[in-house]
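So the chains spell out like this:
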Amino acid sequence: MKILFLLVCFMLPLTAHAQQKLTWCAYYNWAPWIYPAGDSYDGILIEELNLLQKKYNIKAEAVVRDNWRRCQADVESGKIDIILGANKTPEREIKFHYLSVPAFINKSMISAYTVEDNTQVQPVKSLQELKQYKLVMTRGNSFGTTIDDFINSIDEPSRGVVRMHDQALKMLAAKRRDYIFSADSSFDSMIQKFAAENPAMKGVKYRKIFSMERATPAYIAVTKKGQKFNQLSELWINTINNYNDSVNIEERINYHKQNAKKFAE
């Protein structure tokens, strides 16, 4: 019995300090929150993730999903543990657990973009005026309550949905659709990425026809499969609070905006 007790005492510290594993995917072109940086990623979310790993001996592994919808589907099914940053919608709350505090508050300009040479599409002064034109959007995208409600109010013939961002851009270039919504902060990097992958898109230029400011909380979304939410939620909340207490968030946002532009060039 004494030998058994000693073995248990010896094993407990090892178990307590065993490294947890965490898999994640994201919408990767979302500067300053997350963006490609060489062979890796950077941004506010990555800084929070790195702090989580350091504080709690967690090994985080990115599972690259270029298809944003596939990222969401794999977290829903439990193949991946978390989405590193997602807007909260009623549809997504059915599929994922959300932390009780946001990972960040996304204050940004959202614009409607069309191709420069589509002379039939002119600037408008309100969302309602956009209804005269045809929208194309990527399935699974969310732009905050105001724009999401507007999109849902559009008649289906005027609201096209595709699986990939490059499909949406191609439809604009072919003038099969009139506009897309995008955060201004990530639009340039998105079109540069797809122009590099598709030479036919290199000469396409875009212009804004409408812009509005939004302040939208974004969260860590956790799979409902297994016990990951119970294991990670308190650790994540502590990490986010510690991060916000330890940095000047506006300075970090400005830094990552500039850094993202350097990597996009």
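Analysis parameters
Residues numbered from 1 in each chain as written. Predicted model: local features only at pLDDT ≥ 70, side-chain atom pairs only at ≥ 80, totals over all residues. Heavy atoms only, no water. Helix = DSSP H or I, 4+ residues; strand = E, 2+ residues; numbered from the N terminus. Buried < 20%, exposed > 50% of the residue type's maximum accessible area, 1.4 Å probe, protein only. Arc of directions from axis to C-beta. Polar contact = N/O pair within 3.5 Å; in protein donor to acceptor, adjacent residues only side chain to side chain. Core = buried A, V, L, I, M, F, W, Y, C linked by side-chain atoms within 4.5 Å. Disulfide = S-S within 2.5 Å. Phe/Tyr/Trp six-rings, centres within 6.5 Å; stacked < 30°, edge-to-face > 60°. Axes fitted to C-alpha atoms, helices over the stretch in contact; angles between N-to-C directions. Parallel < 35°, antiparallel > 145°, perpendicular 65-115°, else oblique. Contact = heavy atoms within 4.5 Å. Nonpolar A, V, L, I, M, F, W, Y, C, P; charged D, E, K, R; others polar. Salt bridge = Lys/Arg side-chain N within 4 Å of Asp/Glu carboxyl O.

Undergrad: Tell me about unusual backbone geometry, residues and numbers included.
TA: At the junction of Ala31 and Pro32, the peptide bond is cis and its omega measures out at 5° in the coordinates. With respect to the helices and strands, Pro32 occurs in the loop between β1 (20-25) and β2 (35-37). One non-glycine residue, Asn57, adopts positive backbone phi at about 55°. Along the chain, Asn57 falls in the loop between α2 (44-56) and β4 (58-62). Note on Asn57: relative accessible area 32%, which makes it partly exposed. At Lys175, a residue that is not glycine, the phi angle is positive and equals roughly 60°. Position of Lys175 among the secondary structure elements: in the loop between α6 (165-173) and β10 (180-183).

Undergrad: So what's going on with helix α3 (residues 68-77)? Residues and values would help.
TA: Of all the positions in α3, only Trp68, Cys71, Gln72, Asp74 and Val75 are classed as buried. Angularly, the buried residues of α3 cover 165° about the axis, an arc narrow enough to put them on a single face. With a side-chain oxygen positioned 2.9 Å from the backbone nitrogen of Arg69, the residue opening α3 is Asn67. Directly beyond the C-terminal end of α3, a positive phi value near 90° is found at Gly78.

Undergrad: Provide a residue-level description of the nonpolar core, including the pertinent values.
TA: Counting residues in hydrophobic clusters, the biggest one holds 56 residues, and the most contacted among them are Trp24, Leu84 and Trp236. No other element matches the 6 residues that strand β11 (residues 206-223) contributes to this core. In this structure, Met137, Phe150, Ile154 and Met212 belong to the second largest nonpolar core, which totals 20 residues.

Undergrad: Can you break down the state of the cysteines residue by residue, with the values?
TA: Considering all chains together, one arrives at 1 disulfide under this definition. Cys25 shares a disulfide with Cys71; S-S distance 2.0 Å. On the sign convention where negative is left-handed, the bridge of Cys25 and Cys71, at about 85° about the S-S bond, is right-handed. In this pair, Cys25 sits in strand β1 while Cys71 sits in helix α3, placing the two residues 46 residues apart along the sequence.

Undergrad: I'd love a proper account of the packing of aromatic side chains, names of residues and values included.
TA: Aromatic ring pairs: the centre-centre distance and the angle between the two ring planes describe each pair. Applying the stated criterion to the full structure yields 12 aromatic pairs. Look at Tyr27 and Trp68: their rings are 6.0 Å apart centre to centre, the planes differ by 65°, and that puts the pair in the edge-to-face class. Here Tyr27 is found in the loop between β1 and β2, whereas its partner Trp68 is found in helix α3, with 41 residues between them in sequence. For the pair formed by Tyr27 and Trp68, the shared burial category is buried.

Undergrad: I'd love a proper account of the packing of α6 against helix α7 (residues 184-197), names of residues and values included.
TA: A pair of packed helices is captured by two measures, namely the crossing angle of their axes and the spacing between those axes. At a minimum axis separation of 10 Å, α6 and α7 run at an interaxial angle of 85°. By the angle between their axes, α6 is roughly perpendicular relative to α7. Residues His165, Asp166 and Leu169 of α6 form the contact with α7, whose participating residues are Met190, Ile191 and Phe194. Here the residues of the contact of α6 with α7 sort into 4 nonpolar, 1 polar and 1 charged.

Undergrad: Could you give an account of the pattern of salt bridges, with specific residues and numbers?
TA: Enumeration according to the criterion identifies 9 salt bridges in this entry. The residue Glu197 makes a salt bridge to Lys193 at a minimum N-O spacing of 3.1 Å. Separated by 4 residues within a single helix, Glu197 and Lys193 lie in helix α7, roughly one turn from each other. For Lys193, a relative accessible area of 28% corresponds to the partly exposed category. Because the salt bridges share partners, they merge into one network encompassing Arg65, Arg70 and Asp74.

Undergrad: Summarise the side chain of Ser111; cite the residues concerned and give the values.
TA: Relative to the helices and strands, Ser111 is located in strand β7 (residues 104-115). One polar contact links Ser111 to Asp184, side chain to side chain, over a distance of 2.7 Å. Apart from residues lying up to four places away in sequence, Ser111 is in contact with Ile180, Phe181, Ser182, Asp184, Lys208, Phe210 and Ser211.

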